[in-house]
Amino acid sequence: VPGDADNPSDASVTKFKGVFTKMKLDKNTDSIISIRRNPLNVLIGGKYNKYTEGFDFNSQLPNSLEEFNSTNKDFNKYFKVLSNNETLTGEILSSELMDTFVRMFKQINFEINIINEYVYLRIAVNKNLFEPDFNKSIIQKDKLQELCDLLNFIITLLIDLVNSL
């Protein structure tokens, strides 16, 4: 969030560091579905979980949403799903997609919100993948590989979501 230009002492603050994607669907789902990391898993083994960094678990959602529980116990352990359309949520969350989410839990910190005809995907990135480190080579294989993995995850996830709608 930028600081106040009229007040130089008011510094800018980074509220979120990562990738944000907004995609418009071909049809309106007339639904709200929120898939987030389960806030109970913010602390793992009594230690702060770096994978939850950058997310506000209390961000505003309508009170009318109900918690969706799947038959996948691992998915339910790591993710909290809120929805106002249980049928559509069950159709979207195929067993393959839930398995992918569980597998990616420790690698990528993401949140998905489907609101009517839009899909919002937010992925927290703890380090800056988009700026080169001039003390090293401009092209860094580890950053490039991580960025490619992240973009492949986004593409795969969005294709799976669109195909399930």
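Quick caveat: nothing in here was measured; it's all calculated off a predicted structure.

Let us look at the overall build of the protein. Helix and strand counts for the protein stand at 4 helices and 8 strands. Reading the secondary structure of the protein in the N-to-C direction produces β-β-β-β-β-α-β-α-α-β-β-α. Summarising the internal contacts of the protein: among those between residues at least 6 apart in sequence, 69% fall at separations of at least 24. Within the structure as shown, the protein displays about 10,500 Å² of accessible surface, and the carbon and sulfur contribution to it stands at 50%.

Residues of helix 3 (residues 95–104) that are buried include every one of Leu-97, Met-98, Thr-100, Phe-101 and Met-104, and no others. All buried residues of helix 3 lie within an arc of 155° about the axis, which places them on one face of the element. Away from its buried face by more than 90 degrees, helix 3 exposes Glu-96 and Arg-103. Buried residues along helix 3 sit in contact with strand 2 (32–37), helix 1 (73–78), strand 6 (79–83), helix 2 (86–92), strand 7 (109–115) and helix 4 (141–164).

Let's shift gears to the pairing of strand 6. Within strand 6, 4 of the 5 residues are buried, leaving the element largely enclosed by the surrounding structure. The sheet contact formed by strand 2 and strand 6 spans 5 bridges and is antiparallel. Each residue of the ladder has a partner; that of Arg-36, found in strand 6, is Lys-80.

Burial of strand 2 is extensive: 6 of the 6 residues sit out of reach of the surface. Looking at chain direction, strand 2 and strand 7 are connected through 4 bridges and run antiparallel. Residue pairing for strand 7: Ile-35 is matched across the bridge by Ile-112.

Since the α-helix packs 3.6 residues into each turn, any two residues three or four apart lie on the same face. Between the first and last C-alpha of helix 4 there are 34 Å, a value that for 24 residues agrees with the 34 Å anticipated at 1.5 Å per step. For helix 4, the set of buried residues is Lys-143, Leu-147, Leu-150, Phe-153, Ile-154, Leu-157, Leu-158, Leu-161 and Ser-164.

The subject of this paragraph is the confidence of the model for the protein. Averaged over all residues, the pLDDT of the protein equals 76, while 67% of them reach at least 70. Across the protein, the secondary-structure element scoring lowest on mean pLDDT is strand 4 (residues 47–48), at 39, and the one scoring highest is helix 2, at 93. The model gives residues 42–55 a pLDDT under 50, and that stretch makes 32 contacts with residues more than four places away or in other chains.

Turning our attention to unusual backbone geometry. Although it is not a glycine, Asp-30 sits at a positive phi angle of roughly 50°. Residue position: Asp-30 is located in the loop between strand 1 (18–24) and strand 2. We note that Asn-116 has phi near 55°; this positive angle belongs to a residue other than glycine. Along the chain, Asn-116 falls in the loop between strand 7 and strand 8 (118–124). Judged by relative accessible area, Asn-116 falls into the partly exposed class, the value being 30%.

About the thresholds
Residues numbered from 1 in each chain as written. Predicted model: local features only at pLDDT ≥ 70, side-chain atom pairs only at ≥ 80, totals over all residues. Heavy atoms only, no water. Helix = DSSP H or I, 4+ residues; strand = E, 2+ residues; numbered from the N terminus. Contact = heavy atoms within 4.5 Å. Areas by Shrake-Rupley, 256 points an atom, 1.4 Å probe, with all protein chains shown as cover. Buried < 20%, exposed > 50% of the residue type's maximum accessible area, 1.4 Å probe, protein only. Arc of directions from axis to C-beta. Pairing = 2+ DSSP bridges. Expected span 1.5 Å × (residues − 1). pLDDT = per-residue confidence, 0-100.

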